[in-house]
Amino acid sequence: MKPLKLHTGNSIDIFSADTEIALELPFVDDGISAGFPSPALDFVDVSIDLNRHLIKNPSATFYGRVKGDSLKNAGISNGDLLIIDRSLEPTNGKIAVCYIDGAFTAKRIQIAKKEIWLIPENEEYQPIRVTEENDFLVWGIVTHVIKNV
């Protein structure tokens, strides 16, 4: 089943997560050498289910496709796929997908006393101070990033 697109925006597209189907893929359990080459494995008979490995709370999990470069210093690039868990509580320092004043954005969340800041991971962007005047919601917490290489 193809994920259902729930939102299209300037900084992120959000999709539903379909975890009903097992996603068993071949898995090299011994690791892959990034230094000296290791002997090739003729047969890989171990598999991994990415749905079970990456998604802990299926009914509260969504995918988000990153648009832009405001998180580049956190290793999150344009086109990367975020796995977002809406059941997790926002905590200081986590990457969060937030709804602010009619738009979704992904930023590092900073919680200090009674203030919330959305901190970009790119010096070209300014932090966003959340005030009582903002229509604001922490929509979910990023648990994994699947790189678009």
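Attention in this report is confined to the structure presented alongside it. Since the structure is predicted, the reported quantities are computational estimates derived from the model, not experimental observations.

### Overview of the overall build of the protein chain
In terms of helices and strands, the protein chain carries one helix and 11 strands. Across the 149 residues in the protein chain, those meeting the buried criterion constitute 32%. Sequence separation of 24 or more characterises 56% of the internal contacts of the protein chain that already satisfy a separation of 6 or more. Within the structure as shown, the protein chain displays about 9800 Å² of accessible surface, and the carbon and sulfur contribution to it stands at 54%.

### Some words on the packing of aromatic side chains
Counting across every chain of the model gives three aromatic pairs. Each ring, one from Y99 and one from F104, has its centre 5.3 Å from the other, and the planes form 65 degrees; the classification is edge-to-face. What links up through ring pairs into an aromatic cluster is the set F62, Y99, F104 and W139.

### Some points on the pattern of salt bridges
Tallying each qualifying case throughout the model produces four salt bridges. Taking the shortest distance from any N to any O, the salt bridge between R108 and E121 comes out at 2.6 Å. Taken together, the positions of R108 in strand β8 (residues 103-112) and E121 in the loop between β9 (115-119) and β10 (128-130) put the pair 13 residues apart, joining distant regions of the chain. Here E121 falls in the buried class, since its relative accessible area comes to 18%.

### With respect to unusual backbone geometry
A positive phi angle is found at D101, which is not glycine, with a value near 50 degrees. Residue position: D101 is located in the loop between β7 (95-100) and β8. Under the relative-accessibility criterion, D101 is labelled partly exposed at 46%. Non-glycine residue K113 carries a positive phi angle of around 50 degrees. Mapping K113 onto the fold places it in the loop between β8 and β9.

### A few points about the environment of A60
If you trace the backbone, A60 turns up in the loop between α1 (50-54) and β5 (61-66). Separated by 24 residues in sequence, A60 and I84 have C-alpha atoms that sit 8.2 Å apart. When neighbours within four sequence positions are excluded, A60 is seen to be in contact with I84, D85, R86 and S87.

### Describing the side chain of T61
Mapped onto the elements, T61 comes out in strand β5. Take T61: its relative accessible area is 3%, and that puts it in the buried class. Within the structure, the side chain of T61 is placed 2.7 Å from the backbone oxygen of N57, a separation counted as a polar contact. The contacts of T61, once residues within four sequence positions are left out, are A17, I55, I83, I84 and D85.

How each quantity is defined
- Residues numbered from 1 in each chain as written.
- Predicted model: local features only at pLDDT ≥ 70, side-chain atom pairs only at ≥ 80, totals over all residues.
- Heavy atoms only, no water.
- Helix = DSSP H or I, 4+ residues; strand = E, 2+ residues; numbered from the N terminus.
- Buried < 20%, exposed > 50% of the residue type's maximum accessible area, 1.4 Å probe, protein only.
- Contact = heavy atoms within 4.5 Å.
- Areas by Shrake-Rupley, 256 points an atom, 1.4 Å probe, with all protein chains shown as cover.
- Phe/Tyr/Trp six-rings, centres within 6.5 Å; stacked < 30°, edge-to-face > 60°.
- Salt bridge = Lys/Arg side-chain N within 4 Å of Asp/Glu carboxyl O.
- Polar contact = N/O pair within 3.5 Å; in protein donor to acceptor, adjacent residues only side chain to side chain.

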